[in-house]
Amino acid sequence: MKKLLSIYSILFVLASILLFSSCKDEETIEPIVPAINPSQSTFNVDYKEGTTVVNFDSNVIFYATVNDSCKKWLSYKFTNNCKSLTLIYPENDTIVSRVGKIAISKGDTKLNLKITQAGNPNAGSGKLKKIELANNIANSGG
């Protein structure tokens, strides 16, 4: 019985040594730090309907979100296996230029794309809507 107990003790010690020595040789895995680099981040476009392609150099797949204030006229779609982002915009229906923003993010890495669409000079022709600007005129004498 003592002989059997000593054999189990030796096996236990050898197994423990193997276990601890194998843990010591584990490689540490470096975390991936997201890098998102667009071909450019500011765009000036004509008042007409169109698309603009933004190419990216990135080591991660990222997310895009259109700012709430411009969701009615600005959208996007991923293309080229998520290496490009196509910005989609309709014809501007006002004489005022408009600015849209799309947030690009992955983890703690964030950046903004800004697109400025020119005002439409034909907005007063009838088919496009006019914007009434609020003006206050005082009638008091002076």
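Residues numbered from 1 in each chain as written. Predicted model: local features only at pLDDT ≥ 70, side-chain atom pairs only at ≥ 80, totals over all residues. Heavy atoms only, no water.

Student: Got a minute to help me understand the sheet that holds strand β7 (residues 98-106) in this structure?
Tutor: Strand pairing in a sheet is mediated by backbone hydrogen bonds. Such pairs are either parallel or antiparallel. Ordered by their spatial adjacency, four strands build an open sheet running β2-β8-β7-β4, and the pairing between neighbours is mixed. In the strand order of this sheet, the two ends are held by β2 (42-45) and β4 (63-66), each with one partner. Strand-to-strand twist across the sheet, computed as the mean angle between neighbouring axes with direction ignored, equals 20°. Pairing analysis gives four bridges linking β4 to β7, with the strands arranged antiparallel. Bridged to Tyr63 within β7 is Ser105. (Pairing = 2+ DSSP bridges. Helix = DSSP H or I, 4+ residues; strand = E, 2+ residues; numbered from the N terminus. Axes fitted to C-alpha atoms, helices over the stretch in contact; angles between N-to-C directions.)

Student: I tried to follow the pattern of salt bridges on my own but got confused; where do I start?
Tutor: Two side chains bearing opposite charge may form a pair once their charged atoms approach each other closely. A complete count under the given rule lists one salt bridge for this structure. The partner of Lys71 in a salt bridge is Asp68, with the nearest N and O atoms 3.2 Å apart. (Salt bridge = Lys/Arg side-chain N within 4 Å of Asp/Glu carboxyl O.)

Student: When you look at a nonpolar patch on the surface in this model, what are you seeing that I'm missing?
Tutor: Taken together, Ile7, Tyr8, Ile10, Leu11, Phe12, Val13, Leu14 and Ile17 make up a surface patch of nonpolar side chains, about 840 Å² in accessible area. Turning to its location among the elements, Ile10 is positioned in helix α1 (residues 2-24). (Patch = residues over 30% accessible without salt bridge, like charges linked within 9 Å, V, L, I, M, F, W, Y side chains within 5 Å. Areas by Shrake-Rupley, 256 points an atom, 1.4 Å probe, with all protein chains shown as cover.)

Just distances and angles here, no functional claims.
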